[in-house]
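Understanding the architecture of this molecule
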Amino acid sequence: MKQLGEILLTEGLVTEAQLLAAIDEQTVMGTSLGRTLVELGMLTEAQLVRALSAQVGMEFVDLDDYPVDRNAVALVSESVCRRHAVLPVALRDGAIVLATADPGNVVAVDDVRTLSGMRVIPVVATYDNVLRAIDRFCRADGEMENLSSAFVEETPEPEADLNRIGDVVDDDAPIVRFVNLLVTQAITDRASDIHIEPTEHDLRVRYRIDGVLHETQRAPKNITGGVVSRVKIMSDIDIAEKRKPQDGRMSVTHNGRKIDLRVATLPTVWGEKIVMRILDNSTASLDLRDLSFLEHNYQTYRESYTKPYGMILVTGPTGSGKSTTLYATLNAVSKPDINVITVEDPVEYRLPGINQVQVNPKAGLTFAAALRSILRSDPDVVLLGEIRDHETAQIAIEASLTGHLVLSTLHTNDAPSAVTRLTEMGIEPFLVGSALDCVVAQRLARRLCAKCKEPYRPTPTELEAARFPWVAGEPLPELYRPTGCVACSRTGYKGRLALHEVMQVTEDIERHAVAHSSSADIGATAVKQGMRRLREDGWYKVAAGDTSIEEILRVVA
């Protein structure tokens, strides 16, 4: 059998110098040679597994591209696949081909042989690759379809009886399993929202993935009441009240992680619609460097949030990532020696070491009342969920002028409009100019799938139509476009990135505020002073191969 080092050199994966350095480091790290090379960044996990499979004479597969046979997957239960980190991927000459991250695991091979009644041919894949494939192919869709069929076969019951189904405690009850599957599959599919929508003839379920809604399920109309009641009970919402919108919150455990969901109900002509926002707490611990800021924008923003006082506003439509940016900013400024207090409606992410207040209008705890109270609690940094009215804006402005760093959001289309929006809310223009230090406008665009994005050279006509910054006569740029593969569910996109417009409030912009200038004039001055517009920021990310021209045109006017 060839040695691992010999295989790596033959394949050109490492140089002789790198191999010798890794062997020297191996004794210090106390790990195997392969693991040492990965830890030192000389090899990727996939390259190591490929080399190890060659060493033992086994086939290596990349499950993101491998044509997995669903008939083979159906032969072994999901619980066995997850327990052993294996996945049947094909049927070959009367044998079952089994992808595994640990080819030496004879127990897994024996279990699969016993369950399938077939000979097993092990092939090697990376551990992460196997887990992703299990999530993708051992889906709950089949069980959901079986449940839907069972619902159809059942005799429709009166609405009053269906509502009581939601209160059952038996985890095997069809309605309970149906709701659990909806939530579990949404989390697995990286959805940000679950829409449960009653229609005239059935119950429609849609997931918002990477900012776009995808229909995933249609269930019989007669289960609508039961599903709505079940979700309400899980969210501690009044199941008897159907005439007005309500809000609630629930927590679920998925693959060992606790995930919160914010639930909102809305009465419609066909019944109550439910939207569940999935709040992944890992988002709240992000670093600002993870939010795809260009270096120029990051440095401008950093100058503002490292100041001890002033107001920073993040603007954009609903779902543009404003809260994520503010939480990442809090992570950057939060230290044991400063007092950070937030006022939110509702509190989306629970942050350690930070005092979070949830508004309660019924009890008289509005944004303005809470802000007045917390200013007496000796804060250094205040995060205000949203500036909605004159009173809140006035107190926030005064707080930023009296030695506090105030972070908040505002609904405007771009950064310059924030200045005029505050004056329209009745704030004195000279106060706006003095208090406001920085405004960040942002949008979220889908990120091209790294597995299948395709390079191409656009035509001059395409560039001119998109107003891409290209000068006629220069070589055409190499850009990327989506194609679609198994890894991205054939969409061509996987994940999202933010586009930013960072405007620092300079003396010139202060003068514009006092003079009641239009947002267009303020924007023109900001651009002269180095601000990059949202679309310009998008073009930089298109040129870097992160997203496509079509995606920028979709999210930026």
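Residues numbered from 1 in each chain as written. Predicted model: local features only at pLDDT ≥ 70, side-chain atom pairs only at ≥ 80, totals over all residues. Heavy atoms only, no water.

1. Here's the deal with the overall build of the chain
Along its length, the chain carries 23 helices and 18 strands. Of all 557 residues assigned to the chain, the portion counted as buried reaches 49%. Across the chain, contacts joining residues at least 24 apart in sequence account for 62% of those joining residues at least 6 apart. When the accessible surface of the chain is totalled, it reaches about 26,300 Å², and 50% of it is carbon and sulfur. (Helix = DSSP H or I, 4+ residues; strand = E, 2+ residues; numbered from the N terminus. Buried < 20%, exposed > 50% of the residue type's maximum accessible area, 1.4 Å probe, protein only. Contact = heavy atoms within 4.5 Å. Areas by Shrake-Rupley, 256 points an atom, 1.4 Å probe, with all protein chains shown as cover.)

2. Some words on the sheet that holds strand β8 (residues 257-268)
One open sheet holds the six strands; their spatial order is β6-β5-β4-β9-β8-β7, and the pairing between them is antiparallel. In the strand order of this sheet, the two ends are held by β6 (212-220) and β7 (246-254), each with one partner. Each neighbouring strand pair of the sheet contributes to a mean axis angle of 20°, computed without reference to strand direction. With eight bridges joining them, strand β5 (residues 202-209) and β6 adopt antiparallel strand pairing. The partner of aspartate 202 across the bridge, within β6, is proline 220. Taken strand by strand, helix α12 (residues 224-234) contacts β4 (191-198), β5, β6, β7, β8 and β9 (271-279), and its axis lies near 40° from that of β9. (Pairing = 2+ DSSP bridges. Axes fitted to C-alpha atoms, helices over the stretch in contact; angles between N-to-C directions.)

3. Quick word on the layout of surface pockets
The computed volume of the second largest pocket comes to approximately 800 Å³. Forming the boundary of the second largest pocket are 32 residues, of which Thr188, Asp189, Arg190, Ala487 and Ser489 lie nearest the centre. When residues of the lining of the second largest pocket are traced back to their parent elements, those giving at least two are α8 (127-137), α11 (174-188), β5, β6 and β18 (493-504). Here the lining of the second largest pocket gets four residues from one element, more than from any other, and that element is α8. Classifying every residue of the lining of the second largest pocket by side-chain character gives 13 nonpolar, seven polar and twelve charged. (1 Å grid on protein atoms, 1.4 Å probe; cavity = no way out; pocket = protein on both sides within 12 Å on 5 of 7 lines; lining within 4 Å. Points joined across faces, edges and corners; volume = space filled by probe spheres on them. Nonpolar A, V, L, I, M, F, W, Y, C, P; charged D, E, K, R; others polar.)

4. Observations concerning the UniProt feature "domain: Bacterial type II secretion system protein E" (unreviewed entry) in the chain
UniProt feature "domain: Bacterial type II secretion system protein E" (unreviewed entry): in the numbering of this structure it lies at residues 375-389. Counted over residues 375-389, helix gives 0% and strand 27%. Its end C-alpha atoms are 18 Å apart. (UniProt positions renumbered as here; feature names shortened; annotations may be inferred.)

5. Here we look at unusual backbone geometry
Here the phi dihedral of alanine 85 falls at roughly 55°; this positive angle occurs in a residue that is not glycine. With respect to the helices, strands and loops of the structure, alanine 85 is situated in the loop between α6 (78-84) and β1 (86-92). Overall, the relative accessible area of 9% leaves alanine 85 in the buried class. With a phi angle near 55°, serine 292 is a residue other than glycine that sits in the positive phi range.

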